[in-house]
Amino acid sequence: MRERTLERVRKLLAKAERTDNEHERATFMAAASALMAKHGIDSLPPAGTRQTPGDRVVTLPNPWAREKARLVSLVAQAVRCRPLLIGRGDGGQRVHVFGFAADLERADLLATSLLLQMAGGLARVRVPDGVTAVRAYRRSWLLGFTDEVYRLLCAAESEAARASTGAALVLADRRAEVERAVAAHYPDIRVSVPRTSGTGYRDGVAAGRRADLGRTGMTADTAPELAPGR
């Protein structure tokens with residue numbers, strides 16, 4: 001059943017990546033986010049079961065390597081992984097992500113799709129008349145997109161956790177395990193906050209909201225992955 005759920009998620013994400021219709025993209029991403037969050041809860045082991053967190057290093061190339069790395073980091077964080085930005089290397093910005101196998105898989109699927117959607121959205125952006133700092137506008141658009149996607153993914157994760165009896169204790173234990181794994185690799189961690197300049201942030205937020213919220217009346221005929229019981 002878990003593999004079947006992931007296959008449905010993959011199909012929904014693929015449709016979100018291909019469409020130029022913002023309403024369709026919103027619906028596909030809303031369904032994918034909810035399914036992915038439920039998959040994360042369904043993958044939890046029984047309370048008291050001991051698992052070992054894993055980790056992986058992701059390298060994001062230019063252009064916009066830092067902004068891509070931030071998206072990957074926040075998506076990972078939203079799905080209960082622990083990301084660390086570890087700077088340049090291997091031709092791009094690197095993110096070291098810690099988490100349990102099912103959550104690492106979810107983070108990879110979502111981040112890969114959202115990177116494509118973010119790039120497509122940025123390519124379609126028309127800089128407003130009067131804006132002279134075009135690069136600053138585009139960078140702030142990317143930050144706004146990422147922040148809104150993060151907020152909406154967190155909401156989907158919280159909703160799935162609330163619907164599951166007994167999930168809170170298991171999730172707390174797993175967070176502690178992940179933090180111990182991070183501390184073993186990086187005993188001294190410095191937190192940084194990105195600075196925002198440019199006027200595109202609000203437009204990026206709106207695009208991020210469209211990437212993850214369904215407000216349309218699409219039918220199961222249009223998107224068979226949305227049909228109940230599939």
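What follows is about the overall build of the protein. Check the secondary structure of the protein and you find seven helices and three strands. Listed N to C, the secondary structure of the protein is α-α-β-α-β-β-α-α-α-α in terms of helices and strands. Taken over 230 residues, the protein has a buried fraction of 44%. Once local pairs closer than 6 in sequence are excluded, the contacts in the protein between residues at least 24 apart make up 78%.

All right, on to the packing of helix α3 (residues 65–78) against helix α5 (residues 134–162) then. Their axes nearest at 9 Å, the elements α3 and α5 cross at an angle of 10 degrees. In terms of axis orientation, α3 runs roughly parallel to α5. Counting all contacts with α3, which are made through Glu67, Arg70, Leu71, Leu74, Val75, Gln77 and Ala78, the residues of α5 involved are Arg139, Leu142, Leu143, Thr146, Asp147, Tyr150, Leu153, Cys154 and Glu157.

Moving on: the nonpolar core. In terms of nonpolar packing, the biggest core is built from 38 residues, with Leu13, Val75, Cys81, Leu110, Leu114, Trp141 and Leu153 touching the most fellow members. Of all the secondary-structure elements, those providing two or more residues to this core are α1 (2–18), α2 (22–42), α3, β3 (92–99), α4 (101–124) and α5. When near neighbours in sequence (up to four residues on either side) are disregarded, Leu110 contacts Leu13, Met36, Val75, Val79 and Leu153. Ranked by size, the runner-up nonpolar core spans eight residues in total, among them Ala37, Leu44, Ala156 and Val170.

Moving on, we get to the environment of Leu44. Its place among the elements puts Leu44 in the loop between α2 and β1 (54–61). Remark: the alpha-carbon pair of Leu44 and Leu171, spanning 127 residues in sequence, is separated by 8.2 Å. Residues in contact with Leu44, not counting those within four places in the same chain, are Arg80, Ala167, Val170, Leu171 and Arg174.

Looking at the protein, pLDDT values average 83 and 81% of them are 70 or higher. Between residues 212–230, whose pLDDT stays under 50, and residues either more than four places distant or in other chains, the model counts 40 contacts.

Between its first and last C-alpha atoms α1 spans 25 Å; for 17 residues at 1.5 Å apiece the expected length is 24 Å, and the two agree. By the burial criterion, the buried members of α1 are Thr5, Leu6, Arg8, Val9, Leu12, Leu13, Lys15 and Ala16. Residues of α1 that are buried make contact with α2 and α4.

A few words on unusual backbone geometry. Cis geometry is adopted by the peptide bond preceding Pro63, which originates at Asn62 and carries an omega value of 0 degrees. Here Pro63 is to be found in the loop between β1 and α3. Positive phi outside glycine occurs at Trp64, with the angle close to 60 degrees. Considering the arrangement of structural elements, one finds Trp64 in the loop between β1 and α3. Look at Trp64 and you get buried, because its relative accessible area is 14%. Positioned with a positive phi, Asp90 is a non-glycine residue whose angle comes to about 55 degrees.

This next bit is on the sheet that holds β3. Backbone hydrogen bonds hold the strands of a sheet together, and the pairing may be parallel or antiparallel. Read from one edge to the other, the open sheet built from three strands follows the order β1-β3-β2, with strand pairing classed as antiparallel. Because the sheet does not close on itself, it has two edges, and the strands there are β1 and β2 (82–89). Each strand of the sheet is rotated relative to its neighbour by a mean of 20 degrees, with strand direction disregarded. As paired elements, β1 and β3 share eight bridges and run antiparallel to each other. Considered in β3, the bridge of Val58 is made with Val95. Its contacts with the sheet put α3 on β1, β2 and β3, and the angle it makes with β3 is roughly 5 degrees. Along the sheet, α4 makes contact with β1 and β3, crossing β1 at roughly 10 degrees.

Criteria and thresholds
Residues numbered from 1 in each chain as written. Predicted model: local features only at pLDDT ≥ 70, side-chain atom pairs only at ≥ 80, totals over all residues. Heavy atoms only, no water. Helix = DSSP H or I, 4+ residues; strand = E, 2+ residues; numbered from the N terminus. Buried < 20%, exposed > 50% of the residue type's maximum accessible area, 1.4 Å probe, protein only. Contact = heavy atoms within 4.5 Å. Axes fitted to C-alpha atoms, helices over the stretch in contact; angles between N-to-C directions. Parallel < 35°, antiparallel > 145°, perpendicular 65-115°, else oblique. Core = buried A, V, L, I, M, F, W, Y, C linked by side-chain atoms within 4.5 Å. pLDDT = per-residue confidence, 0-100. Expected span 1.5 Å × (residues − 1). Pairing = 2+ DSSP bridges.

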